[in-house]
Amino acid sequence: MDRLKLVKRHLHSVNGKQVRVGNVTMNLGHSLRPELIPNTPWPLYHSLDKNLIHHKNQINSQLDEQHEQQLLSHIEWMMKKHLLGQDILLYGPPGPFKRRIALMYAAITRHETEFILIHPDTAADSDLKQRREIRTVPSSQTKDNGNEHNSNSKQFLKWVDGCCVRAATLGRCLIIEGIEKAERNVLPVLNNLLENREMTLEDGRHIISATRYDSLLKSYSSEQMNDWGLLRAHEQFRVIALATPVPPYPGKPLDPPFRSRFQARYIDLPYLPTPFLTNLHRYPLTANLTNVSSGGTKSKNSKPSDQHMGQIANLMSTVKVSANIDHSMIKSENMLPQFNQTALESFHRFHNLFPLDSRWFLRPLLNRFWPDSWLPKPLAEHQQNILDDLLTKFGYHAKKGKSKAISNDSNTGYLFRGIQNGLALFDTIENQRVQYPIVTGTDYNSIDERDKFIMSNRCADLISRMIQCHIMEQDFIIVGPKSSSKTICIREFARNLNMELLTVHLFNDMTTRDFLQIRQTRDDGSTCWVDSPLVTAAKKGCIAVLDGLEWVSADVLAGIGRLLQDREITLPDNSVLLNHVNYDNVKDRTGLTDAEMASRQIYRVHPAFRVIATASVDSTPGPLKWFSQEMGTIFQFLKLNEMSVDEETLLLTSQTQCPPDTLEKVLRFAQAFRKLGNARGHQSVLANSVAVSTRQLVRLCKRAAFPDSDLYSLIHNICLRPFLPHLAKLALDEMLADIGIKKPTHRKVDIFDEGSVVRFGDVVVDKYKAAADDHEAETLIPYTNSEDNADRGTSFYSNTDHNRILRDLALDFSLGEHLLVIGNQGVGKNRLTDRFLELMRYPREYIQLHRDTTVQALLVQPVLEHGRIVYRDSPLIKAVRFGRVLVVDEADKAPVYITSILKSLVETGEMDVSDGRKIRRIKTHVDDIEVHPNFRMIVLANRPGFPFLGNDFFASIGQVFGTYPIENPSFESEVALLCQKAPSVSVDLIRKLVGAFGDLRTAFDDGLVSYPYSLRELIHLVSHLDAFPHDSIESVLRNVFDFDVHQRDFTDFLVETFKKHGIILNQIGLHAIQTMTVDRQLAVSYSEKTPPAISEPKHGKVDDKNEPHVGGNTWAGGTGGSDTAGLGGRGGPYRLDSGNPIKQLPDELKNNVPEHVLKAAREMGRDALKKKLQDIKMSPYESEVYTSLYDNVKIPIQQLKVILDSVKSKQKERVWIRNQIEGELDDTKLVEGITGEHSIYKRRGLEDQAFGVQQLPKRIKFVFDVSGSMYRFNSYDQRLTKSLETAALVMESLKGMEDKYVYDIVGHSGDSACIPFVKAHNPPKNEKEILDVLMEMQAHAQYCWSGDNTMNATMRAIQDVTAEPADDYYVIVLSDANLKRYGIGAEEFSNVIEFDSRVSTTVLFIGSIGDEAVKLTRLLPKGRAFVAKHSGQIPMFMKDIFSSIA
């Protein structure tokens, strides 16, 4: 039956002026804007492809009566609510069904519509009510109603009504979608309009209800009402709100006053009755199939299979029903994730076009339409079993076989072979040639990279799936690891279709409005809206690429959902985009021309318009802020695996000249490194470094092909080896040794200026030649002359190590690479960069990043000139335009999404500028900024990880730069440099200082000190000694080491270190400083108030308000005062930190404390300690025992606490909250500020977390060896003592972290495989409870029966740790490796370690007889087992493991 006849069977018209559904009749009004009435009365199962519309109607005509009645019952109910004058809220799961029901209702009732999609940045005034625009008018015009301007001015402020005002006053249906995404207190602005049909507008007018207005009209004229600013709310005005329930879905719950003003109806796709399932397939296939081998005979399998479609429909319906099971014993994580709302419709459309895939490739096909089954993590084993059982139950059996056309690792049975005469050609797995009509373009604008593109099986499979999506007219997301060829496959896809690519570079601060339009000012000062690349692509029929989906949230992406699902949207300037079918139908229905449609701000979406999104995901499962169930209703998901070894080998061979033996080592290294780097959690000892990408390997092989390049140093650079944790260094060094990659002996590099070129040893590079008219270039060249810059500290002092680095920089520069220079503070990163640019005569543009750096600040600098916004080029734009070097300093201080923008520019050569221009490699439009061939970027940053406080950006951008980790120079190079800096200081003293500082740096790497002492500190020291030779070495060293005077252990270590190198220190440390005498008379005067006289020590009063108290002797926790417990003062009994700023007294005043006061203070401190011990029921003996254990791991505990606290603080780190009415001016809202809007400010605050989204803690289980051998051999290697110290480290470090880490401690011995010491959710709370745990562990090792349960204990721990939901699962096993004695083999133990892929298991052997532990770890899975060769390494290993867990 024809669809129109079917609809008419239920929709009755009375004289063409009424519509009736069931028993409800409603009058049809006269439309003044018929183009605003939705075009079709039945858009539920629509297709934009005209060739498929007929088939869609055939499907829908076969829906059974029950299904039809369910849909029409919604319409009938909505009509009832309309007649009652009630507004409606349609509630239901994420997806387009609610919206399409609302549009269907408006089409049936012929109601003009206004549509607004709510997103997190929706503003209550400008988006919902009115906004100001600046307009230009003739100077003779003076004033009109509601708009203020000066008669002598050409500009005035015009109020533009928003959708809510237009709908209310013109009697339209206002559809508000995405209610749950609105920020708090935005939607209540509509409450009075909803309740009483009243609203006060920003321009001074008032909307009042139709009843009230008509009543007043009886007493007053309409002219009077107009003068008073009264507007009549149309009686036909209605609101249809669309929302998703919160919970179970993420979002914000409805505000009760707002909710109470609606009548609700839950809307979802109905359960599909059996007749629909069996008839769903029945329409002809549009493809033309021919048999390849038989020369054109028709395929026997030209019709889609009834069976397969029925099987999938049954599967989806079963999973949907299972979500309604409510049983306390059944947890949601044990069920299969839900299919999204459009999955069945999309799968059905695909199945009828490409039926072979549901027979041969069902699992990968399901991944496309069921992303929840593999994102953010794949189905668990028990879920896979449920899915297999369901498919078997419904009769599905995967076909097996081979085809010459399809590779074994394919995800589709259709291999794309090209386009001929408007037809896409495919070879199928059943040896058929099929062809499909396909839309193509006429303007491929990207660089032709066919010379770099290798059509591997993996890429061919992806492009085939992309073409399938294009034929279906469905947008898609490519999800894969970084550097997996996503970008180059998109370009090859566009080249095949001959379509223009427009890239939308995504960033963290991006709003939904940024996706659509940008607000600007014209030359005359008036405001305007400029289309974004996405909207431009929609109008022109281009491919829009949303690059970097991982940077934006799902709520922001949902704001463009209607454009991607229906190809329709209302833009911020109130213009409307209609899909091409509806646009053409509106023209036919109304008789309007294209020009008339444009005058009414209605535009056509081109049928060729497509959207491709890219998302990079790593191998570590975790929350994906961009992913939600709603995304599955918008996109088809295409999974892209990482490159295979064969494909990577082919790529490296074709694009580099790397010698075969070197290439073989490179590939072996890459495989071994990735096996470690891609592991989860602390399995990956390389977790803090980026996995080696193919792009890095290409760069490495190109460099390795150059003479005198060594593979060891190249790998050293890309892995950031100097900055890896100790465990990671061990793993990397062992890996390189196994491969046969050895550290070379470097030759000396001399640098010579030879006129037009510079010779860096064996590398010769041309100097930069500025354009004749670029007079500014010369002034931008850095200048590092040692003599001239000595007083400013910007000199460069030549040395062997730095010359070699300059040579490598020059080589990469000549190969066209952008550079990343990364290292500790004070190692010469800036000096090296400036010296290199000076030698090359390269002009430098400079930007320094920081916490508040924005994307706009990177690109342009907005200024206000003569009432309009003018954008001046930033240093980045200047460097791109004129071919200069952009030096980006402090890159680690900016948010990671900011530095990722730089990666995008380097990688693609493209970037969108906020003033509407676009950076491109090749200029294709007038306003484009073409990238100059000489443009380079050098990024400077501090190393990642503790103790630096920056962001770990390297994992995001490191792969696109030539990376150089800068260390402190070698001993001889550092001596040579310092001798140049301080010629009057003896070489012997300099050598002693360099030796001592070298030991301090080694101690930092070993975790013994907390600060990485650098070249900068030594330069300052020798500079002081050079300028003031009579100052003692001790007094000068205080300039560096007074930072740590309160760390007594460090002071002792420092004294021993310098003594080892012949420098005796007496006046170092807090006590020495306090008792130090001055050897000459000095006069000092203080302008600040002298602290009160000292009387007797006391705790002091407690200030409940915790206000700061400085310089007194009354309050506890004060600073710079006398007598009371506090900080920075004198004579107090003990230290007490109230959290307020500290005011430190000068040492002379602090030392001036009478002896009896010191004695009383010490006694009071001892009394406080005694009370503390009494409170926790700990004896002095127990305190002494615990202190002896604690002191041995005190430094690792402090360091680990800093690491864990920094992770916790980053999670609670404040962000910029925008759209505020006070705070700092938001530079992206300058145009809004000119027009007088209020919400143009930003302020720092905590980001709101979506309701219903719970962050689970990490679950950790520690398994300690408390067997008899631990006690027996303790006197041999202190293994039990160190094990107890490690347990103390764990318990002390995790104090206060219960919300993030849930841990328990168990032991194993010959008695049992699970001896509980600390229970989960009940960790020890104080020192006494910690000591009790340690004493129990020791006692068990002393009295237990002999035997070993290491393997059984590990297995049980892996099984037990997953008993409760957690973000990640970890098991850390400590054992003495005495396994061979009990017949436990490496293979057997390996199987246990890898038993559950959800659990990250690490084994640390803390004792060994001979080299048994070393041999065992080589046989266990890489990165899972380590040996502490001496007891001092155990705390350091645990710190590394915890750092990777955090």
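Residues numbered from 1 in each chain as written. Predicted model: local features only at pLDDT ≥ 70, side-chain atom pairs only at ≥ 80, totals over all residues. Heavy atoms only, no water.

### A few points about the packing of helix α25 (residues 645-655) against helix α27 (residues 694-704)
Stated formally: Geometry is summarised by axes, namely lines fitted to C-alpha atoms with helices restricted to the contacting stretch, and by angles between N-to-C directions that run from 0 to 180 degrees. Runs of E in the DSSP output that reach at least two residues are strands. Runs of H or I that reach at least four are helices, and both are numbered from the N terminus. The handedness criterion is simple: a crossing whose near helix is rotated anticlockwise from the far helix by less than a right angle is left-handed, and one whose near helix is rotated clockwise is right-handed. The contact rule is simple, with two residues in contact once any of their heavy atoms fall within 4.5 Å. Here the nonpolar group is Ala, Val, Leu, Ile, Met, Phe, Trp, Tyr, Cys and Pro; Asp, Glu, Lys and Arg are the charged ones; every other residue, Gly included, is treated as polar.
Viewed as axis vectors pointing N to C, α25 and α27 meet at an angle of 40°, and their least axial separation amounts to 10 Å. Viewed along their axes, α25 and α27 form a crossing whose handedness is right-handed. Facing E648, L651, L652 and Q655 of α25, the residues of α27 in contact are T694, L697, V698, C701 and K702. Residue composition of the contact of α25 with α27, grouped by class: 5 nonpolar, 2 polar and 2 charged.

### Some details on the environment of I877
As a reminder of what qualifies: Throughout, exposure labels follow a simple rule: accessible area from a 1.4 Å probe, protein chains only, divided by the maximum for the residue type, with under 20% read as buried, over 50% as exposed, and the rest as partly exposed.
Structurally, the position occupied by I877 is in helix α34 (residues 875-882). Take I877: its relative accessible area is 0%, and that puts it in the buried class. Along the chain, I877 and L859 lie 18 residues apart, while their C-alpha atoms are 6.2 Å from each other. Not counting chain neighbours up to four residues away, the residues in contact with I877 comprise L859, V913, I919 and I929.

### What about the pattern of salt bridges?
Selection rule: What counts as a salt bridge is simple: a side-chain nitrogen of Lys or Arg found within 4 Å of a carboxyl oxygen of Asp or Glu.
What the rule picks out here adds up to 78 salt bridges. Taking the shortest distance from any N to any O, the salt bridge between E114 and R166 comes out at 2.9 Å. On the criterion of sequence distance, the pair formed by E114 in strand β5 (residues 113-117) and R166 in helix α5 (residues 163-170) is long-range, its members being 52 residues apart. On the accessibility criterion, E114 (7% relative accessible area) is buried.

### A word on empty space enclosed by the protein
The following threshold applies: Put plainly, a pocket is an open set of points on a 1 Å grid over the protein atoms alone with protein on both sides within 12 Å along at least five of seven lines, a cavity is a set where a 1.4 Å probe fits but cannot get out, and a lining residue has an atom within 4 Å of a point. Grid points are joined across faces, edges and corners, and a volume is the space filled by probe spheres set on the points.
In total, this model carries 15 cavities of 30 Å³ or more according to the counting rule given. By volume, the largest cavity is sized at about 350 Å³. Taken together, 21 residues form the lining of the largest cavity, with I116, L117, T570, L571 and P572 sitting closest to its centre. Secondary structure elements with two or more residues in the lining of the largest cavity: β5, α5, α18 (512-516) and β23 (569-570). Of the residues that constitute the lining of the largest cavity, the class distribution is 8 nonpolar, 8 polar and 5 charged.

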